[in-house]
Amino acid sequence: MALPNNLPEDTDLLAQLRNFGVEHVIEKMTHEECVETTLRYGTHNYHPIDVTITAGHGPYVTDAHGKSYIDCVGCYSALCFGHLPTKILDVMAAQSKRLILTSRAVYTRELALYLRALCEFTDTDMACPMNTGTEAVETAIKLARRWSYSVKGVEADKAEIIVAAENFHGRSTTIVGFSSEENYKAGFGPFAAGFITVPFGDINAAKAAITPNTAAILMEPIQAEGGILIPPDGYMAGLRELCTKNNVFLIWDEVQTGFCRTGYRFAWQYEDAEPDLMCLGKALGGGVFPVAAVVGREEVMAVFTPGSHGSTFGGNPLSCAVAMETLAEMSAADYDVRCRKLGAFFLQGLKDLDHKVVREVRGRGLLIGLEIQPGYDEQTTNAFLKTGILTKETRHRTFRFAPPLSSDEALIGEIVRRIKLALDEVAASAS
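Residues numbered from 1 in each chain as written. Predicted model: local features only at pLDDT ≥ 70, side-chain atom pairs only at ≥ 80, totals over all residues. Heavy atoms only, no water.

It is worth spelling out the overall build of the chain at this point. Counting secondary structure elements, the chain contains 16 helices and 14 strands. Scaling as 2.2 N^0.38, a compact globule of 431 residues should have a C-alpha radius of gyration of about 22 Å, and the chain matches this with 23 Å. Referenced to the eigenvectors of the C-alpha coordinate spread, the extents of the chain come out at roughly 70 × 55 × 45 Å. Looking at the chain as a whole, 51% of its 431 residues qualify as buried. Across the chain, the fraction of contacts at a sequence separation of at least 24, relative to all contacts at a separation of at least 6, is 72%. Surface exposure of the chain reaches about 20,500 Å², of which carbon and sulfur atoms provide 53%. (Helix = DSSP H or I, 4+ residues; strand = E, 2+ residues; numbered from the N terminus. Rg over C-alpha atoms; globule rule 2.2 N^0.38 Å. Buried < 20%, exposed > 50% of the residue type's maximum accessible area, 1.4 Å probe, protein only. Contact = heavy atoms within 4.5 Å. Areas by Shrake-Rupley, 256 points an atom, 1.4 Å probe, with all protein chains shown as cover.)

Okay, structure coming up:
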């Protein structure tokens, strides 16, 4: 049964879904209706680009008007293989016919194998499965605090964790409480105590912040949401040395930077900076499902006891199957080496533009930041859309580019070409 062209505004949506099917109702909605309905019924905690995406395949997406774009947002590194990756979807479909959800009240073969595969891929001892990056960071905080009390001997409720200014670790009230971005925390206090903020990249500041109560240092090896900010050479290794000397845990948040995105399996591998705990997410789900985890040394992971932590959906059989296929694909295709080469090609292409609208280009692997000169924000966003590039500004006027790990030089070259067209348009409109 076809959906009528002009349904009355007061027609019950659930009746439409029942009578005509979800797929037909979705396809009927226009871009304008999509925006209006989203703003009417949804909270306004996001400010999307003015485009409605209706389909995606590989590195490309299509909007409600039929226009195609190269997706360089990549769901903030989650779409590691692009849209609708065949191998991941095949495994997901097969698992969906066998077992999707149980609970941690029982054992499953999927979880057992996933935990082993993840520990082998990350070269760690144990893993704790979660669903989102925020959950992973919260889990790491709990692990570090409990270890500091039960093993290190910190006085109860006095544990401290050192974090970096301009960080982004998630959206829970605990996490936004130690953010330096006021918009993330305004109106959400009071916040949890026990977090000490130091400048990102300043090893002396981190050293000075350590006290007998310090449980851990928690940082991103690259501040992705902060604007693709890369610390100075030696900083990550310096933190590792500080932590070792002071019996403090080093926690890397690799939710956005992990799984080959920056040219190594994990961004900390640019230096001798092996973590005690690592927060994982986004790409671990292969671009089709939310999967996250904390991995680390047995000494700290073992402080969890039955009932001390949990997650209803964490480690469900469907997510485990998806994550195992993701890890297998990344291992088989050497995406770390591929992204290192493509990233160097991408960076050089942008630098060669030597464009007056651009202030700086920085990045590692296929996590690239293009910082533009002040005053060009809105024009640049619109120009990118016009040339068929889907990207979004992070902090500090920096546009993030995170195409699929499966990209090739032809695609990267086309992205650079379209970026130049957009920047030329912005420059022309400003003259």
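That covers the picture; the talk isn't over yet.
Moving on, we come to the packing of helix H5 (residues 86–96) against helix H13 (residues 317–333). Following both chains from N to C, one finds H5 and H13 inclined at 150°, their axes separated by 9 Å at the closest point. By the angle class used here, H5 and H13 are roughly antiparallel. The crossing of H5 and H13 is right-handed. On the side of H5, the interface is formed by Lys87, Ile88, Val91, Met92, Gln95 and Ser96, while H13 contributes Pro317, Leu318, Ala321, Val322, Glu325, Thr326 and Glu329. (Axes fitted to C-alpha atoms, helices over the stretch in contact; angles between N-to-C directions. Parallel < 35°, antiparallel > 145°, perpendicular 65-115°, else oblique. Left-handed = near helix turned anticlockwise from the far one by under 90°.)

Moving on to the packing of aromatic side chains. Centre distance and the angle of the planes are the two values used to describe a pair of aromatic rings. Counted under the stated rule, the structure contains 12 aromatic pairs. Its guanidinium or amino end placed over the ring of Tyr41, Arg40 lies 4.2 Å from that ring's centre, counting from NZ or CZ. Lys67 extends its terminal NZ or CZ atom over the ring of Tyr69, reaching a point 5.5 Å from the ring centre. (Phe/Tyr/Trp six-rings, centres within 6.5 Å; stacked < 30°, edge-to-face > 60°. Lys NZ or Arg CZ within 6 Å of the ring centre and 35° of its normal.)

Let us now look at the environment of Ala427. Among the structural elements, Ala427 can be located in helix H16 (residues 409–430). On the basis of relative accessibility, which here comes to 10%, the residue Ala427 falls in the buried class. Linking Ala427 and Thr380, residues 47 residues apart in sequence, is a C-alpha distance of 9.4 Å. What Ala427 contacts, discounting residues up to four positions off in sequence, is His355, Lys356 and Val357.

Before going further, it helps to examine the sheet that holds strand S10 (residues 292–296). If you trace the seven strands from one edge of the open sheet to the other, you get S4-S10-S9-S8-S7-S5-S6, paired in mixed fashion. Each edge of the open sheet carries a strand with a single partner, namely strand S4 (126–130) and strand S6 (195–198). Strand-to-strand twist of the sheet, defined as the mean angle between neighbouring strand axes without regard to direction, takes the value 20°. The sheet contacts of helix H6 (residues 109–122) involve S4, strand S9 (277–280) and S10, and relative to S4 the element is tilted by about 120°. (Pairing = 2+ DSSP bridges.)

On the surface, Asp123, Asp125, Asp272, Glu274 and Glu298 cluster together into a negatively charged patch. Within the secondary structure, Asp123 sits in the loop between H6 and S4. Taking relative accessible area as the criterion, Asp123 reaches 61% and is therefore assigned exposed. (Patch = residues over 30% accessible without salt bridge, like charges linked within 9 Å, V, L, I, M, F, W, Y side chains within 5 Å. Salt bridge = Lys/Arg side-chain N within 4 Å of Asp/Glu carboxyl O. Lys, Arg positive; Asp, Glu negative; His and termini not counted. Charge placed at Lys NZ, Arg CZ, Asp CG, Glu CD.)

A cluster of nonpolar side chains, namely Ile100, Leu101 and Phe313, defines an oily patch on the protein surface of about 270 Å² accessible area. In this fold, Phe313 is placed in the loop between helix H12 (298–301) and H13.

Mapped onto the elements of the fold, Asp253 is located in strand S8 (residues 249–253). Here Asp253 sits buried without a salt bridge, and the closest side chain of opposite charge, Lys282, lies 8.7 Å off (N-O distance). For Asp253, the side chain forms a polar contact with the main-chain nitrogen of Val255, separated by 3.0 Å. Once residues within four sequence positions are removed from consideration, Asp253 is found in contact with Val137, Phe168, His169, Leu218, Met219, Glu220, Pro221 and Cys279. (Polar contact = N/O pair within 3.5 Å; in protein donor to acceptor, adjacent residues only side chain to side chain.)

What follows is about the pairing of strand S12 (residues 367–372). Burial runs high along S12: six of the six residues are buried. Side chains of S12 alternate between two faces, with Leu367, Gly369 and Glu371 and Ile368, Leu370 and Ile372 buried alike. Examined bridge by bridge, strand S11 (residues 358–364) and S12 share six bridges and lie antiparallel to one another. From the neighbouring strand, Arg362 faces S12, where its bridge partner is Gly369. Between S11 and the antiparallel strand that follows it, S12, lie two residues; Gly365 among them carries a positive phi value of about 60°. Pairing geometry for S12 and strand S14 (residues 398–401), over four bridges, is antiparallel. Within S14, the position partnered with Ile368 by the bridge is Phe401.

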